[in-house]
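So you can see what is in the structure, the chains are spelled out below.
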Amino acid sequence: HQPKGYSHAESATLTTAGLTAWRALVVDGGIKPGNSVLVLGSGGVSVFACQLAKSLGATVFATSSSNDKLEKYKALGADHLINYKEDPEWGKTVRKLTDGRGVDHVIEVGGPGTLPQSINAVAIAGHIALIGVLTGSAGEVPTAKLMAKQARLQGLIVGSCSDQRDFVRALEANGVKPVIDKTFGLEELADAFRYEESGKHFGKICLAF
Ligand SMILES: NC(=O)c1ccc[n+]([C@@H]2O[C@H](COP(=O)([O-])OP(=O)(O)OC[C@H]3O[C@@H](n4cnc5c(N)ncnc54)[C@H](OP(=O)(O)O)[C@@H]3O)[C@@H](O)[C@H]2O)c1
């Protein structure tokens, strides 16, 4: 069942983007209050992860290519904002901002182009949830750095039915609602994909019919 009070469009954001963020942080990550979470870019998975992390008492580091989108992250409660275009060494910056400790969880949606910086950013024994392929599907992994960090790099594909039930119960308790950037009609499907391709969105793009 969808969470009480959710529209169909809001519910449609849960089965992939939302559930993936939930599994990364809660099921695989075992997030605790006081943990730190790094979210990359401002797509559907990352924005949901920021909202969940804040609802669970974590400190959030958010990156984006757009300062306007970073302002939107700030409004959602993100604590530290980094423009990854202006600061290509954002992993080092995260470490500096954490006094050298690094973050407990990384929501890794970029893939090969971002993983080296994510490994820089993660804490010793931290967790990198390997979710996305926004920068490509294959590449080099700095294995020695990953080993020295003793970090856990875990791939995941969405989540189970029972994860989703737990997630829905959590949403009913914490009141988190997804961020829907724009809703298109079904007949505007191509425009919706063009809009996604433009990268202008913050959070989810929906179709209503
Ligand atoms: N494993 C799974 O089960 C699972 C589930 C859902 C999604 N995914 C995958 O996860 C990725 C993200 O999905 P999504 O739905 O959140 O995508 P999305 O909404 O299309 O995200 C696009 C955003 O990603 C950010 N981005 C692009 N290149 C980046 C880079 N080099 N560094 C940091 N951020 C970058 C940009 O944010 P800014 O504009 O703020 O820069 C862009 O607006 C995709 O590859 C998707 O296929 C996997």
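Only a predicted model underlies this, so the values are computations on that prediction, with no experimental measurement involved. (Residues numbered from 1 in each chain as written. Predicted model: local features only at pLDDT ≥ 70, side-chain atom pairs only at ≥ 80, totals over all residues. Heavy atoms only, no water.)

## Some remarks on the pairing of strand β3 (residues 80–83)
For clarity, the threshold we go by: Two strands are said to pair when DSSP picks up at least two bridges between them. Each helix corresponds to a stretch of at least 4 residues labelled H or I by DSSP, and each strand to a stretch of at least 2 residues labelled E; elements are numbered beginning at the N terminus. If you view a crossover with the strands going away from you and the path from the first strand over the helix to the second runs clockwise, you call it right-handed.
Sheet topology note: the strand β2 (residues 59–64)/β3 ladder contains four bridges and is parallel. Bridged to T63 within β3 is I82. Each parallel crossover has a hand, and for β2 linked through helix α4 (residues 67–76) to β3 it is right-handed.

## Let's talk about the nonpolar core
Formally: Within this scheme, the nonpolar core is defined by two criteria: the residues are buried Ala, Val, Leu, Ile, Met, Phe, Trp, Tyr or Cys, and they are joined through side-chain atoms within 4.5 Å. Burial here depends on accessible area, computed with a 1.4 Å probe over protein chains only, as a share of the maximum for the residue type. Under 20% is buried, over 50% is exposed, and the range in between is partly exposed. Contacts were defined at the residue level, with two residues in contact if any of their heavy atoms lie within 4.5 Å.
Counting 48 residues, the largest nonpolar core has L38, V39, Y73 and I107 as its most contacted members. With residues near it in sequence (within four places) discarded, V39 still touches S46, A49, C50, V60, F61, A62, T63, Y73 and I107.

## Some details on the site of the ligand
Keep this limit in mind: For each residue, the test is whether any non-hydrogen atom lies within 4 Å of the molecule or strand; if one does, the residue is near. Polar contact is the term for a pair of N or O atoms within 3.5 Å; when the atoms are in protein, one must be able to donate a hydrogen and the other to accept it, and sequence-neighboring residues count only if both atoms are side-chain atoms. Throughout, the Shrake-Rupley method with a 1.4 Å probe supplies accessible areas, and for residues the shown protein chains are the sole cover considered.
Near the ligand, the surroundings consist of 25 residues, among which S42, S64, S65, Y84 and V158 are the closest. In the model, an oxygen atom of the ligand is placed 2.7 Å from a nitrogen or oxygen of the S65 side chain. Contact between the ligand and V158: an oxygen atom at 2.7 Å from a main-chain N or O atom of the residue. Contact with the protein chains covers 80% of the free accessible surface of the ligand, which is 940 Å². Elements that contribute at least two residues to the shell around the ligand include exactly α2 (14–27) and α3 (44–55).

## Let's talk about the sheet that holds β3
The test is simple: Fitting a line to C-alpha atoms yields each axis, with helices limited to the stretch in contact; the angle taken between N-to-C directions then spans 0 to 180 degrees.
Read across the open sheet, the six strands follow the order β3-β2-β1-β4-β5-β6; overall the sheet is parallel. Looking along the sheet, the strands with just one partner apiece sit at the ends: β3 and β6 (152–155). Ignoring strand direction, the axes of neighbouring strands in this sheet form an average angle of 15°.

## A look at the packing of aromatic side chains
Applicable threshold: The criterion for an aromatic pair is that two Phe, Tyr or Trp rings (for Trp, the six-membered ring) have centres within 6.5 Å, with stacked assigned to planes under 30 degrees apart, edge-to-face to planes over 60 apart and tilted to the rest. Should the NZ of a Lys or the CZ of an Arg lie within 6 Å of a ring centre and within 35 degrees of the ring normal, that charge is described as sitting over the ring.
Scanning the entire structure with this criterion turns up four aromatic pairs. Taken together, a centroid distance of 5.8 Å and an interplanar angle of 65° make the contact between F48 and F167 edge-to-face. Of this pair, F48 sits in helix α3 while F167 sits in helix α8 (residues 161–174), placing them 119 residues apart in sequence. Here the aromatic rings of F184 and Y195 are separated by 5.8 Å at their centres, their planes lie at 55°, and the arrangement is tilted. With a gap of eleven residues between them, F184 in strand β7 (residues 180–185) and Y195 in helix α9 (residues 189–198) connect regions that are remote in the sequence. Among the residues examined, F184 registers a relative accessible area of 8% and is labelled buried. Cluster of aromatic residues (ring-pair linked, three or more members): W22, F48 and F167. Residue placement shows K182 over the ring face of Y195; its charged tip is 4.8 Å from the ring centre.

## Comments concerning the environment of G43
With respect to the helices and strands, the residue G43 is situated in the loop between β1 (36–39) and α3. A residue is classified by how much of its surface remains accessible, and G43, at 24% relative accessible area, is partly exposed. Remark: the alpha-carbon pair of G43 and V179, spanning 136 residues in sequence, is separated by 9.9 Å. Discounting residues that sit within four places of it in the chain, G43 has contacts with H201 and G203.

## Thoughts on the pairing of β6
Where strand β5 (residues 122–130) meets β6, four bridges bridge the pair, whose relative direction is parallel. Each bridged residue has a counterpart across the sheet, and for A129 the counterpart in β6 is Q154. Since β5 and β6 lie parallel, the crossover through helix α7 (residues 143–149) that links them has a hand, and here it is right-handed.

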